[in-house]
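Analysis of the macromolecular model
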Amino acid sequence: MLNPIAMPFKLNLRPAREFALPGHAVIGVDGLDAPVFLQSQCMNDVNALTPGAWQYNGWLNPQGRVLALFYLARLASGAYLMILPAGDPAALIDSLRRFVFRAKVRLQHIEEWHVCGEIAGDGTARPDVLSEDADRHHLNIPGQRWQRTLHVSTRRFAPDADAAEVWHALDMAIGWPWLHAEQLGRWTPQMLGLQRLSAFSLKKGCYPGQEIVARTHYLGKSKRDLFTVRGTGLRAGQLLHAGAQEAGTVVDAAAGGDWGVAVLPAPMEAAAELSNQAGRVDVVAIEIC
């Protein structure tokens, strides 16, 4: 369940209320060689995706640092959708195209598809599956308390800043940060705690950064992890301190600056007190909500 210390708001949205998710973008990946290309580039096991399934996934540089995080869904047609919570889809496409070579793969930013969210309130968790209608795709986001569905649709939905901020906070609460340009290339998957979401694979074949990820896992050398933090004036890239010593960095934060996630030394006491320029910052463990 949500920790009241960590979650500084009440979820009072009406059931089945759909709202736009600004900043989300959809990249379509298709072509005869799309499965092989994605398997060779993505950090999760693309070959494990059956039609109608999706997974948390990402793309790393050769040093094992995260360059993009996205949902990857396999459609019944055999094509794939990469859904970015944040970041520049055009820049990601340009970077990935450098590795296509002669493969039969097409990557395109599908600008006519829009992403919206739906929070249905309390209830039992639903399976993390993708379903398809004529003009939309639905991804059920797994959780213990809140039923969430992410829709990719040709239809535009009305913006709701409060609802979108709740969605953002719930993503952070499960350890799924929205990475903007200044955070790219800084963190390994383990530093972001992405093993909690099964967002990367240790058993598949080679992909950029795979050796670093595997070595970190098997030698147990990751000394940092992702934690939720609450304070004032929090912002991505901000340094946090324990006394006079630098303790870690905020990776993502709510628009109001009172809630966020930070990479900190592990283990870290859940009740630990840190500080930023605005004052006290409380540390809370990541929870599945």
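Please read all numbers here as calculations on a predicted model, not as lab measurements.

What counts, and where the lines are drawn
Residues numbered from 1 in each chain as written. Predicted model: local features only at pLDDT ≥ 70, side-chain atom pairs only at ≥ 80, totals over all residues. Heavy atoms only, no water. Helix = DSSP H or I, 4+ residues; strand = E, 2+ residues; numbered from the N terminus. Buried < 20%, exposed > 50% of the residue type's maximum accessible area, 1.4 Å probe, protein only. Polar contact = N/O pair within 3.5 Å; in protein donor to acceptor, adjacent residues only side chain to side chain. Contact = heavy atoms within 4.5 Å.

1. Let's talk about the side chain of threonine 149
- Of note, threonine 149 is situated in strand β10 (residues 146–153).
- A relative accessible area of 5% means that threonine 149 is categorised as buried.
- Reaching out from threonine 149, the side chain makes a polar contact with the side chain of asparagine 140 at a distance of 3.3 Å.

2. Here's the deal with the environment of glutamine 195
- Note on placement: glutamine 195 falls in the loop between α3 (161–173) and α4 (210–219).
- Look at glutamine 195 and you get partly exposed, because its relative accessible area is 38%.
- Residues glutamine 195 and histidine 217, spaced 22 residues apart in sequence, show a C-alpha to C-alpha distance of 10.0 Å.
- If near-sequence neighbours (up to four positions away) are discounted, glutamine 195 is found in contact with Pro189, Gln190 and Phe200.

3. A look at helix α1 (residues 34–41)
- Residues of α1 that are buried: Ala34, Phe37, Leu38, Gln39 and Gln41.
- For α1, the secondary structure elements touched by its buried residues are β2 (25–30), β3 (54–60), β4 (66–74), β5 (80–84), α2 (89–97) and β6 (106–109).

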